[in-house]
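Spelled out, the chains give:
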Amino acid sequence: MQENPRNKKAQQIRDVIRYIQQFKDATLVIYLDDEVIDSPYFSGHIRDIALIHQAGIKVCIVPGARKRIDEILTASKISWEYKDGIRITDEKAMPQIKMAAFDISNIVMTSLAAHQITATIGNWVRARSKGVLDGVDFSTAGEIDRLQIDAIRNTLDNGFIPIFPSIGWNQNGKPYNISSVSLAKEIAISLKAEKLFFVMKNAEINKDSFNIPQNLGLSEYGGIPAMNLEELKEFIDLNNNSSDSKIISLLKASNEACRKGVERSHILNGSLEGTLPCEIFSDLGSGTMIYSSDYGNLRPMKLTDIPAVLNVMKPFVAKQILLPRTEQTLSENIEDYIVYEVDGGIRACASLHIYNDKQAEIAGIAVDSAFSNLGIGPKLVEYLTKRAKKEKLQSVFILTTQTSDWFEHLGFKADSIESIPEERHSIWTPERNSKVFRMILK
């Protein structure tokens, strides 16, 4: 029996509503690389940003300008070089750099205006000279000194979208070229933003381009949907010599942002239509999320979770992997059940039924198919076996018809049907012919 497409659509709508409620009045900082701005996908991203803003979410935009600066300096026959990713050129280039940075910001502002969104370009960034490092004079390159946070907040509270060119000024009004990526990161940290987005052309973090740490969950397409800070450190250590230095620099910026109070940072492929709303309004999103706060967590089931748990179980019941449950049977055994929650949505469940002879059954394991590659199932089993150990039980067993390989991989061994408690054996049927697998607890 196939899942009703209407049920799937309804769940997607529920997820969107849940996220709109969660992020209403939240602050998002979006870095848009200028290769994305100069692409066919830009108009779609602007439309999505307008819709996000109209949903009651506060948005700041930091446009990248490197490509445009290159073009204008080339046209002006002004040379430059890069040192550690920072542009070095003499001060006569600064008018052209400013022109390019504001040109890109104006493109973003006028594009938003086409959607009746009021945006404003401001000089909210105090900068200082990067100076001379290891004998290298960085000349027009600057570093962020401070941000006029009260002015930025006031702009957001008045319903405007602030746009930040990659230019900062010192106390005497002297301009410096600053990193747009660093600027987006610092704005997100200073505003205590809920989310920081880096939208870049072809930005994909997947197994084809990077070394993937063991036990890190992958999407069905081989991408990394999410990493916590510990997983991120391991990933960066494995890929520090990667040829894709842009992605690594974005991940390092994300790491710093999350360690300094930003809840989540996201690396998105700007060459995909709809990547921003997919990342904001769905659990798995479309890119890679770095997070410091709880994203997915195990907890005891509550009565209000039961409809969602039954919905997660439904495809497994249809395939005869699980026996049917009802709201009554779940509520009567509610203390046995745990759920895996992602941003308020129930995505997996399992139960531990304890018997009098120091053994227990792990049952009712179900994981939403969209999350099946993320290692949630083993987490459920590990959590319940630890609970069984705390209860000083000697073993846990499972009954299965179709998933024996999976349980054997987790350390369960085949056992006889006579080994299970009589209370459970009495409801076993030869027609279903479930096999027993057991794990001895040490």
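This is a predicted model, so every value here is computed, not measured.

K.L.:
Explain the overall build of the protein here, please?
P.N.:
Scanning the protein from N- to C-terminus turns up 15 helices and 23 strands. With the C-alpha coordinates of the protein rotated into their principal frame, the extents come out at 85 × 45 × 35 Å. Within the span of the protein, comprising 442 residues, buried residues form 50% of the whole. Considering only contacts within the protein whose residues lie at least 6 apart along the sequence, 70% involve residues at least 24 apart.

K.L.:
Looking at this structure, I do not really get helix H4 (residues 66-75). What am I missing?
P.N.:
Residues separated by three or four positions in an α-helix point in the same direction, a consequence of the helix having 3.6 residues per turn. The complete set of buried residues in H4 reads Ile-69, Ile-72 and Leu-73. Projected onto a plane normal to the axis of H4, the buried residues spread over an arc of 100° and lie on a single side. Elements that come into contact with the buried residues of H4 comprise strand E4 (86-88), helix H5 (94-113) and strand E12 (175-177). The positive-phi residue at the C-terminal boundary of H4 is Lys-77, with phi of around 60°.

K.L.:
Explanation requested: the packing of aromatic side chains in the structure shown.
P.N.:
The relation between two aromatic rings is expressed through the spacing of the ring centres and the mutual angle of the planes. A complete count under the given rule lists 7 aromatic pairs for this structure. On the basis of an interplanar angle of 50° and a centroid distance of 5.5 Å, the ring pair of Phe-210 and Phe-235 is categorised as tilted. Residue Phe-210 is located in the loop between strand E13 (195-200) and strand E14 (226-228), and its partner Phe-235 is located in helix H8 (residues 229-239); the two are separated by 25 residues in the primary sequence. Grouping residues by exposure puts Phe-210 and Phe-235 together as buried. Cluster of aromatic residues (ring-pair linked, three or more members): Trp-406, Phe-407 and Phe-412.

K.L.:
So what exactly am I meant to see when it comes to the pairing of strand E16 (residues 288-291) here?
P.N.:
Burial along E16 is two-sided: the residues Thr-288 and Ile-290 and Met-289 and Tyr-291 are all buried. Bridge analysis of E14 against E16 gives 3 bridges, and the strand direction is parallel. Bridge pairing in E16 places Asn-228 opposite Tyr-291. Note: strand E15 (residues 264-269) against E16, 4 bridges, orientation antiparallel. Opposite Ile-267, over in E16, you have Thr-288 as the bridge partner.

K.L.:
Even after reading the chapter, I still don't get the sheet that holds strand E23 (residues 435-440), so can you show me in this structure?
P.N.:
Neighbouring strands of a sheet are bound in pairs by backbone hydrogen bonds; such pairs are parallel or else antiparallel. Strand order in the open sheet formed by 7 strands is E17-E18-E19-E20-E21-E23-E22, and the pairing between neighbours is mixed. Pairing within the sheet leaves two strands with one partner each, and these edge strands are strand E17 (296-300) and strand E22 (413-415). Strand-to-strand twist across the sheet, computed as the mean angle between neighbouring axes with direction ignored, equals 30°. Relative to E23, strand E21 (residues 395-400) is paired through 6 bridges, and the arrangement is antiparallel. Along E23, the bridge assignment pairs Ser-395 with Ile-440.

K.L.:
Is there a simple way to think about the environment of Ile-37 in this case?
P.N.:
Relative to the helices and strands, Ile-37 resides in helix H2 (residues 34-37). Sequence-wise, Ile-37 and Ala-65 are 28 residues apart; in three dimensions their C-alpha atoms are separated by 9.4 Å. Beyond its immediate chain neighbours, meaning those up to four positions away, Ile-37 contacts Leu-32, Phe-42, Pro-63, Gly-64, Ile-104, Ile-107 and Val-108.

K.L.:
Looking at this structure, I do not really get the pairing of E23. What am I missing?
P.N.:
Within a regular strand, side chains alternate between the sheet's two faces. As defined by bridge partners, E22 adjoins E23 across 3 bridges and the pair is classed as antiparallel. What sits directly across from Asp-415, in E23, is Val-436.

K.L.:
Quick question: what am I supposed to make of the side chain of Ser-434 here?
P.N.:
Within the secondary structure, Ser-434 sits in the loop between helix H15 (422-425) and E23. The class of Ser-434 is buried, set by a relative accessible area of 9%. For Ser-434, the residues in contact, after removing those within four places along its chain, are Leu-399, Thr-400, Thr-401, Ile-417 and Trp-428.

K.L.:
How should the layout of surface pockets be read in this particular structure?
P.N.:
Empty pockets left among the atoms are what a rolling probe the size of a water molecule brings to light. Here the second largest pocket defines a volume of roughly 1100 Å³. Elements that contribute at least two residues to the lining of the second largest pocket include exactly H2, H4, E4, strand E9 (142-147), helix H7 (180-191) and helix H9 (245-259). Looking at the lining of the second largest pocket element by element, the count peaks at 7 residues for H9. Class assignment for the residues of the lining of the second largest pocket results in 12 nonpolar, 11 polar and 15 charged.

K.L.:
What exactly am I supposed to notice about the pattern of salt bridges here?
P.N.:
Opposite charge on two side chains lets them pair, provided their charged atoms get close. In the structure shown here, the tally under the stated rule is 22 salt bridges. Across the salt bridge formed by Asp-157 and Lys-58, the nearest N and O atoms sit 2.9 Å from each other. Separated by 99 residues along the polypeptide, Asp-157 in helix H6 (residues 149-157) and Lys-58 in strand E2 (residues 58-63) bring together distant segments of the chain. Accessibility expressed as a relative area gives 54% for Asp-157, which makes it exposed. Between Glu-341 and Arg-299 there is a salt bridge, with its nearest N and O atoms 3.3 Å apart. Of the two residues, Glu-341 is situated in strand E18 (residues 337-342) and Arg-299 in strand E17; the sequence distance between them amounts to 42 residues. Pair check on accessibility: Glu-341 and Arg-299 agree, each one buried.

K.L.:
What exactly am I supposed to notice about the nonpolar core here?
P.N.:
Across soluble globular proteins, nonpolar side chains have a tendency to be buried as a group. Core analysis: the biggest nonpolar cluster contains 47 residues, and Val-29, Ile-152, Phe-164, Leu-183, Phe-198 and Leu-251 have the highest contact counts within it. Those residues in contact with Leu-183, other than ones at most four positions away along the chain, are Val-62, Val-125, Ile-144, Leu-147, Phe-164, Pro-165 and Ile-178. The next biggest cluster of nonpolar side chains, apart from the first, holds 41 residues, and it includes Ile-52, Ile-104, Ile-161 and Phe-197.

K.L.:
Honestly, the packing of helix H3 (residues 42-54) against H5 in this entry has me stumped. Any pointers?
P.N.:
Angle between the axes and distance between the axes: these two values describe a pair of packed helices. One can describe the packing of H3 onto H5 by two numbers: an axis separation of 9 Å at closest approach and a directional angle of 60°. Considered as vectors, H3 and H5 are oriented oblique to each other. In this structure, H3 crosses over H5, and the sense of that crossing is right-handed. Residue-level inspection shows Phe-42, Ile-46 and Ile-49 of H3 in contact with H5, the latter providing Ile-107, Val-108, Ser-111 and Leu-112.

Quick notes on the rules
- Residues numbered from 1 in each chain as written.
- Predicted model: local features only at pLDDT ≥ 70, side-chain atom pairs only at ≥ 80, totals over all residues.
- Heavy atoms only, no water.
- Helix = DSSP H or I, 4+ residues; strand = E, 2+ residues; numbered from the N terminus.
- Buried < 20%, exposed > 50% of the residue type's maximum accessible area, 1.4 Å probe, protein only.
- Contact = heavy atoms within 4.5 Å.
- Arc of directions from axis to C-beta.
- Phe/Tyr/Trp six-rings, centres within 6.5 Å; stacked < 30°, edge-to-face > 60°.
- Pairing = 2+ DSSP bridges.
- Axes fitted to C-alpha atoms, helices over the stretch in contact; angles between N-to-C directions.
- 1 Å grid on protein atoms, 1.4 Å probe; cavity = no way out; pocket = protein on both sides within 12 Å on 5 of 7 lines; lining within 4 Å.
- Points joined across faces, edges and corners; volume = space filled by probe spheres on them.
- Nonpolar A, V, L, I, M, F, W, Y, C, P; charged D, E, K, R; others polar.
- Salt bridge = Lys/Arg side-chain N within 4 Å of Asp/Glu carboxyl O.
- Core = buried A, V, L, I, M, F, W, Y, C linked by side-chain atoms within 4.5 Å.
- Parallel < 35°, antiparallel > 145°, perpendicular 65-115°, else oblique.
- Left-handed = near helix turned anticlockwise from the far one by under 90°.

Limitation: the analysis is restricted to geometry and does not speak to function.
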